[in-house]
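Overview (structure and organization)
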Amino acid sequence: MNEKRKMYRLHFPSASLLIPPLETALANFSSGPEGGVVQPLRTVVPVEKYNGFLGVMPAYSAVDDALTTKLVTFYENMKDTSVPSHQATVFLFDPRNGTLKAVIDGTVITAKRTAAVSAIATKFLKPAVADVLCILGAGVQAHSHYEIFTELFSFKEVKIWNRSREKAETFAQSVKGPAQVCSSAQEAVTGADVIITVTMATTPILFGSWVKSGAHINAVGASRPDWRELDDDVMRNSVLYVDSREAALTESGDVILSGAEIFAELGEVVKGTKPALSEKTTVFKSLGMAIEDTVAAKLVFDSWSSSN
Ligand SMILES: NC(=O)C1=CN([C@@H]2O[C@H](COP(=O)(O)OP(=O)(O)OC[C@H]3O[C@@H](n4cnc5c(N)ncnc54)[C@H](O)[C@@H]3O)[C@@H](O)[C@H]2O)C=CC1
Ligand SMILES: O=C([O-])C1=[NH+]CCC1
């Protein structure tokens, strides 16, 4: 095991540890200035020549007294598959004087905190009976979502589809639990109670006509204003929850291009100021928030410092 993996196994053994601090952070974020979260919209620099993007994601949490910025790059259609499509680093500062305290690998943090936030949305929004989980995509986020979803919920069946079947089969062989590889996205989605879309698709891969009434969808990919994972049908005929209204209306092609109306931020549901309409078909559109990286980096740093 390499040093990085060892360090994460020790100080970040399970993404579910993140659930309580992330719920607090989501609620604080959705409380406006009194929540003590300062998080400007992320800056994204396109690197057109190489189909890449650099995201800059700063945040301060007064409750945690934690100040971070994450730098994340994400690249489409990479030819070199030895390099991950998403790479990130989190810088943790001492908020009292601005001193840099730690530079933390942000790739594992991004994978685990994103999956933990989807798990929070699912806890509130999944139908009362949720036996079948469907994952569209078989990359890094598919793995982190599989891990936490099978730890926290009791699905009887997990169906997986990927654009290349080979990758879906490698995924199914590598996870510690059942995963049924499907030949088409439609086959994977049919009958699913909870659906996770974690692809690099830029046009829809999930269509409303396939979705079981009352299902819950975590839409995690398509973080550019002209990228889609979900079609207009599913966007317009579901109750739409987002992590950040401001980000969704600026960055999410699924939200902007469908014209779907946002019902609530997830933090408002956590706080109890907006209802979780779990009997309806629901979509949680996740774009990823800097404050999620802040609480995850703090958790890793505090664990590491207390053991040194
Ligand atoms: N909401 C959030 O907080 C975050 C969202 N993401 C997004 O989640 C998605 C997955 O990220 P990773 O798992 O790290 O990426 P990855 O590169 O590890 O996996 C992407 C998967 O999508 C598939 N894929 C690629 N192009 C496709 C296409 N055109 N149509 C269908 N499938 C395609 C690949 O075969 C692969 O299985 C990305 O869109 C990423 O930007 C990533 C980090 C945080
Ligand atoms: O939150 C995040 O780190 C990202 N969201 C989309 C790409 C990376």
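Residues numbered from 1 in each chain as written. Chains lettered and ligands numbered in written order. Predicted model: local features only at pLDDT ≥ 70, side-chain atom pairs only at ≥ 80, totals over all residues. Heavy atoms only, no water.

What follows covers the overall build of the protein. Across its full length, the protein holds eleven helices and 14 strands. Whereas a compact globule of 308 residues would reach a radius of gyration of roughly 19 Å, the protein reaches 18 Å, a difference of no more than 12%. Over its C-alpha atoms, taken along the principal directions, the protein stretches across nearly 55 × 45 × 40 Å. With 308 residues in all, the protein has 53% of them scored as buried. (Helix = DSSP H or I, 4+ residues; strand = E, 2+ residues; numbered from the N terminus. Rg over C-alpha atoms; globule rule 2.2 N^0.38 Å. Buried < 20%, exposed > 50% of the residue type's maximum accessible area, 1.4 Å probe, protein only.)

Another aspect to go through is the site of ligand 1. The full set close to ligand 1 counts 22 residues, and Ser85, His86, Gln141, Asn162 and Thr199 are the nearest of them. Measuring from an oxygen atom of ligand 1, one finds a side-chain N or O atom of asparagine 162 at 2.7 Å. A distance of 3.3 Å is found between an oxygen atom of ligand 1 and a backbone nitrogen or oxygen belonging to glycine 288. Compared with its free state, where it exposes 860 Å², ligand 1 has 88% of that area covered by protein. Residue assignment for the shell around ligand 1 shows that the elements contributing at least two residues are helix H3 (107-125) and helix H4 (140-152). (Near = heavy atom within 4 Å. Polar contact = N/O pair within 3.5 Å; in protein donor to acceptor, adjacent residues only side chain to side chain. Areas by Shrake-Rupley, 256 points an atom, 1.4 Å probe, with all protein chains shown as cover.)

Turning next to the site of ligand 2. Around ligand 2, the neighbouring residues are Arg42, Met57, Lys70, Phe74, His86, Thr110, Arg113, Ser223, Leu287 and Gly288. Here a nitrogen atom of ligand 2 and a backbone polar atom of leucine 287 are 3.0 Å apart. Here ligand 2 loses 92% of its free accessible area of 250 Å² to cover by the protein chains. Broken down by secondary-structure element, the contributors of at least two residues to the shell around ligand 2 are strand S4 (66-75) and H3. The class makeup of the residues in the shell around ligand 2 is three nonpolar, four polar and three charged. Composition of the shell around ligand 2 by domain shows at least three residues from each of domain 1 (3-109 + 291-306) and domain 2 (114-288). (Nonpolar A, V, L, I, M, F, W, Y, C, P; charged D, E, K, R; others polar. Domains from an automatic or database assignment.)

What follows deals with the domain arrangement of the protein. Partitioning the protein into domains gives domain 1 (3-109 + 291-306) and domain 2 (114-288). Counting residues at the interface gives 23 residues for domain 1 and 29 residues for domain 2. A buried area of about 2,200 Å², summed over both sides, lies between domain 1 and domain 2, and 63% of it is on carbon and sulfur atoms. Of all residues in domain 1, Leu26, Leu41 and Arg42 bury the most surface against domain 2, accounting for 24% of the area lost on that side. With its nearest N and O atoms 2.7 Å apart, the salt bridge here joins glutamate 251 to arginine 42. (Contact = heavy atoms within 4.5 Å. Buried area = accessible area lost by both parts, 1.4 Å probe. Salt bridge = Lys/Arg side-chain N within 4 Å of Asp/Glu carboxyl O.)

The next subject is the side chain of asparagine 218. Turning to its location among the elements, asparagine 218 is positioned in strand S11 (residues 216-219). Note on asparagine 218: relative accessible area 0%, which makes it buried. At 2.9 Å, the side chain of asparagine 218 forms a polar contact with the side chain of histidine 216.

Once that is clear, we can look at unusual backbone geometry. Positioned with a positive phi, asparagine 51 is a non-glycine residue whose angle comes to about 55°. Residue placement: asparagine 51 occurs in the loop between strand S2 (43-47) and strand S3 (52-61). Among the residues examined, asparagine 51 registers a relative accessible area of 36% and is labelled partly exposed. Residue aspartate 65 is not a glycine yet carries a positive backbone phi of 45°.

What follows concerns the nonpolar core. The biggest cluster of nonpolar side chains holds 61 residues, and the ones touching the most others in it are Ile104, Ile109, Leu133, Ile135, Ile148, Phe149 and Tyr241. Per-element accounting of this core gives the leading share, eight residues, to H3. Residue-level mapping places this core at the junction of two domains, with at least three residues from each of domain 1 (3-109 + 291-306) and domain 2 (114-288). Those residues in contact with phenylalanine 149 that lie beyond four places of it in its chain are Ala115, Ser118, Ala119, Thr122, Leu133, Phe155, Val194, Ile196 and Asn218. One finds Leu206, Met235, Ala247 and Ala260 within the second-largest nonpolar core, a separate group that totals 30 residues. (Core = buried A, V, L, I, M, F, W, Y, C linked by side-chain atoms within 4.5 Å.)

Right, let's talk about the environment of glycine 214 for a bit. Positionally, glycine 214 belongs in the loop between strand S10 (194-197) and S11. Look at glycine 214 and you get buried, because its relative accessible area is 7%. Residues glycine 214 and leucine 277, 63 residues apart in the sequence, show an inter-C-alpha distance of 9.4 Å. For glycine 214, the residues in contact, after removing those within four places along its chain, are Pro127, Ser278, Glu279, Lys280 and Thr281.

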